[in-house]
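# Report on the structure
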Amino acid sequence: MLNINARRAGLALCALILAACAAQTTQDASNTEREEGIVVTGSRAPDGPPPTTEQRAPPRDAMAPPPPPPPNPYPVQAQESLGRGRATGALTTPYAQTAPQPLPGDVDRERYDDSDPNPIHVVADEPVSTFSIDVDTASYSNVRRFLNEGRLPPRDAVRIEELVNYFDYDYALPRNRSEPFSTTVAVAPSPWAEGRQLVHIGLQGYDIVRNQRPPLNLVLLIDVSGSMAPANRLALALQGFRMLTEQLTARDKVSIVVYAGAAGAVLDPTPGNDRARILAALDNLHAGGSTAGGEGLRLAYALAERNSSPNAVNRVIIATDGDFNVGINDPQQLQDFVSRKRETGIYLSVLGFGGGNYNDALMQRLAQNGNGVAAYIDTLAESRRVLSEELNGALFPIANDVKIQVEFNPRRVAEYRLIGYETRMLRREDFNNDQIDAGEIGAGHSVTAIYEITPVGGPTFNEPLRYRRDDASAAPSTANEIAFLRIRYKLPGQDQSRLIERPITNADSFVSVARASEATRWATAIAGYGQLLRGDPYLRQGYGWDDVIALAQNARGRDEFGWRAEFIGLARAAASAAALPSAQNAPRPDRPRR
């Protein structure tokens, strides 16, 4: 009997211990729920006491992973206060959502505009080619990201004009500011197509010294959504903006707007020499939430308009991966919005970051319609290059709506194609229409374009017509001309365009590409590199990466920052990546020509 009682007492003691453990576990779970259910919010309200910053979040699914800890709250200004031009008080309406957002992971959601290489044109039928200049460089550094990861980029990510225009060229400077840029032309045999020639056109803008530049009215629009959390996104953007502050003066004004689930201002217009205040605002930014990019754009433009000046450069600079997924996110609506704001004199420049969800297509549309430049930041060195070393070219336009038109002489040229600029092509009649928007040239910027031509009698892609309209007579004054170059542009603040013209003649020709200028040889090497990356169908059989590298090695010239040496390394990396096809770089099916 005694043994039975002892066993019963032991069982009861065990039950009590188990009950105590279960109670403790329940309490711990409850505490965890309370700790993980916090949403930190903040923005301005007109009056009233500040409410609590802790609000109960909806219970999360039991199977979902725990969310990241919420970011520090930012001292933000609500959109309503912008119209009154002052901060208005306590923090209430949330501007940022800290609910966890799925990151790209292994799913590749990058978006690029679908474009085919420019076609061959028969000069007898279409003697005139017209396009807008492009000084963007985003494609070059984005391609570099892929190659540094050991894979080829998607073909639509390669825009040859942006690869070529990534580099500086020693073009002659303009004689004076009455014409904001000079023109340089060279004609040389093509290294990748026997019997054809390249026409190299270069524009060089004048530069401005720091104490002569106009003041800046800058709004930094920074994406702080959850997708910007990796180290190569928000943290890299903030490092770049810190370098930007070193270029500012007391005449400049800087504001900062952030957006995640909603948008808010974290820095009112501040003199550029108040670096401590600007850096403090940057240092307080953290990533978390979804991406209401459209609302951020609205707020940034409102702040820029409030402080705009006709004597200043008024510009919004957006730093994002372009993954807008909340609010206004339709590309056409966003494009129309920035186009309308462009007419008010406020331009938009775009800095892209990250990969896996990078929306290159949207970034290009925003920059092109916002009269700004698009750059992709993949390294700290690139951030320094864009936001410090080449800041003048990015922020201070010296010519607007720059268009190039080339008329080829049918007595000298049978066919032509423009290498690159597929997204910048214009109609012939657009050249003289000052209402048609085109690209801008910034201070110190250069622009390069390359045509491949087939001389009359050379190996054409098209069969000659049986029934031709031959003009047996040729004007003696033009017999020496290969083509005629026209350039239209507007000076900043003016509505009427100006015209520069010059013929392209035998005097511009070289007997071999090896004897051409360093600038022509380097630009040709870059153009070959881009065509190989895209798999263009116009390269002779056997032309490959070794040809690109050999030409580039002999055209490196003065390479102060090592960018040209880096390019040669990228060409070698492309050769290795091409030998190892993967799902990301496998050839895509042929598409019907447009």
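The structure under discussion appears in the preceding block.
Below: a short report on this structure. (Residues numbered from 1 in each chain as written. Predicted model: local features only at pLDDT ≥ 70, side-chain atom pairs only at ≥ 80, totals over all residues. Heavy atoms only, no water.)

### Topic: the overall build of the chain
When you go through the chain residue by residue, the secondary structure sums to 13 helices and 16 strands. Counting over 594 residues, the chain shows a buried share of 52%. Taking contacts inside the chain between residues at least 6 apart in sequence as the whole, the part at least 24 apart equals 81%. With the model as given, the accessible surface of the chain reaches about 27,200 Å², and the carbon-plus-sulfur share is 52%. (Helix = DSSP H or I, 4+ residues; strand = E, 2+ residues; numbered from the N terminus. Buried < 20%, exposed > 50% of the residue type's maximum accessible area, 1.4 Å probe, protein only. Contact = heavy atoms within 4.5 Å. Areas by Shrake-Rupley, 256 points an atom, 1.4 Å probe, with all protein chains shown as cover.)

### As for the sheet that holds strand E5 (residues 216-223)
Taken in spatial order, the six strands of this open sheet run E7-E6-E5-E8-E9-E10, and their pairing is mixed. In the strand order of this sheet, the two ends are held by strand E7 (263-271) and strand E10 (374-376), each with one partner. Pairs of neighbouring strands in the sheet enclose a mean axial angle of 15°, with direction left out of account. Looking at chain direction, E5 and strand E6 (residues 253-259) are connected through seven bridges and run parallel. (Pairing = 2+ DSSP bridges. Axes fitted to C-alpha atoms, helices over the stretch in contact; angles between N-to-C directions.)

### Digging into the sheet that holds strand E1 (residues 121-122)
Ordered by their spatial adjacency, five strands build an open sheet running E1-E12-E14-E4-E3, and the pairing between neighbours is antiparallel. Because the sheet does not close on itself, it has two edges, and the strands there are E1 and strand E3 (181-189). As judged from the six bridges shared by strand E12 (residues 413-419) and strand E14 (residues 446-455), these two strands associate in the antiparallel manner. Bridge pairing links Val413 to Pro455 in E14.

### A word on the pattern of salt bridges
Per the counting criterion, the structure on display carries 29 salt bridges. The partner of Asp283 in a salt bridge is Arg242, and the shortest N-O contact between them spans 2.8 Å. In this pair, Asp283 is assigned in helix H5 (residues 275-283) and Arg242 in helix H4 (residues 234-245), connecting sequence segments 41 residues apart. Residue Asp437 is joined to Arg342 by a salt bridge in which the shortest nitrogen-to-oxygen separation is 3.4 Å. With a gap of 95 residues between them, Asp437 in the loop between E12 and strand E13 (439-442) and Arg342 in helix H7 (residues 331-342) connect regions that are remote in the sequence. Connected through shared salt-bridge partners, Arg144, Asp378, Glu382, Arg385, Glu390 and Glu566 make up one network. (Salt bridge = Lys/Arg side-chain N within 4 Å of Asp/Glu carboxyl O.)

### Quick word on the packing of helix H11 (residues 518-534) against helix H12 (residues 545-553)
One can describe the packing of H11 onto H12 by two numbers: an axis separation of 9 Å at closest approach and a directional angle of 160°. Accordingly, the angle class assigned to the pair H11 and H12 is roughly antiparallel. The two elements H11 and H12 cross, and the hand of that crossing is left-handed. Facing H11, whose interface residues are Arg521, Trp522, Thr524, Ala525, Gly528, Tyr529, Leu532 and Leu533, H12 presents Trp545, Val548, Leu551 and Ala552. When grouped by side-chain class, the residues that make up the contact of H11 with H12 number nine nonpolar, two polar and one charged. (Parallel < 35°, antiparallel > 145°, perpendicular 65-115°, else oblique. Left-handed = near helix turned anticlockwise from the far one by under 90°. Nonpolar A, V, L, I, M, F, W, Y, C, P; charged D, E, K, R; others polar.)

### Quick notes on the nonpolar core
If you look at the biggest cluster of nonpolar residues, it comprises 74 residues, and the most contacted ones within it are Ile222, Phe241 and Tyr451. Sequence-distant contacts of Phe241, defined by excluding residues within four places in its chain, comprise Leu220, Ile222, Leu282, Ile317, Ala319, Leu351 and Leu387. In terms of nonpolar packing, the next biggest core, distinct from the first, is built from 41 residues, Ala193, Ala527, Ala555 and Leu570 among them. (Core = buried A, V, L, I, M, F, W, Y, C linked by side-chain atoms within 4.5 Å.)

### Observations regarding the packing of H11 against helix H13 (residues 563-578)
Running from N to C, H11 and H13 cross one another at 30°; their axes reach a closest spacing of 11 Å. By the angle between their directions, the pair H11 and H13 is classed as roughly parallel. In the packing of H11 onto H13, the handedness of the crossing is left-handed. Here Glu518, Trp522, Ala525, Ile526, Tyr529 and Leu533 of H11 lie close against H13, whose contacting residues are Arg564, Phe567, Leu570, Ala571 and Ala574. Broken down by class, the residue content of the contact of H11 with H13 amounts to nine nonpolar, no polar and two charged.

### Focus: the packing of aromatic side chains
The full count for this structure, using the stated rule, is 20 aromatic pairs. Both rings, one in Phe408 and one in Tyr416, keep their centres 4.5 Å apart while their planes meet at 20°; by these two values the pair is stacked. As far as burial versus exposure is concerned, Phe408 and Tyr416 are alike and both buried. Plain terms: the ring middles of Phe461 and Tyr538 are 5.6 Å apart, the flat faces sit at 80° to each other, and that makes the pair edge-to-face. Remark: Tyr538 occurs in the loop between H11 and H12 and Phe461 occurs in the loop between E14 and strand E15 (481-490); sequence separation between them is 77 residues. Of the residues examined, Tyr538 reaches a relative accessible area of 10% and is grouped as buried. Among the aromatic residues, those joined into a ring-pair cluster are Tyr140, Tyr166, Phe167, Trp522, Tyr529, Trp545, Trp563 and Phe567. The cationic tip of Arg385 hangs over the ring face of Tyr166; the distance from NZ or CZ to the ring centre is 3.7 Å. Cation over ring: Arg564 sits above Trp522, and NZ or CZ is 4.6 Å from the ring centre. (Phe/Tyr/Trp six-rings, centres within 6.5 Å; stacked < 30°, edge-to-face > 60°. Lys NZ or Arg CZ within 6 Å of the ring centre and 35° of its normal.)

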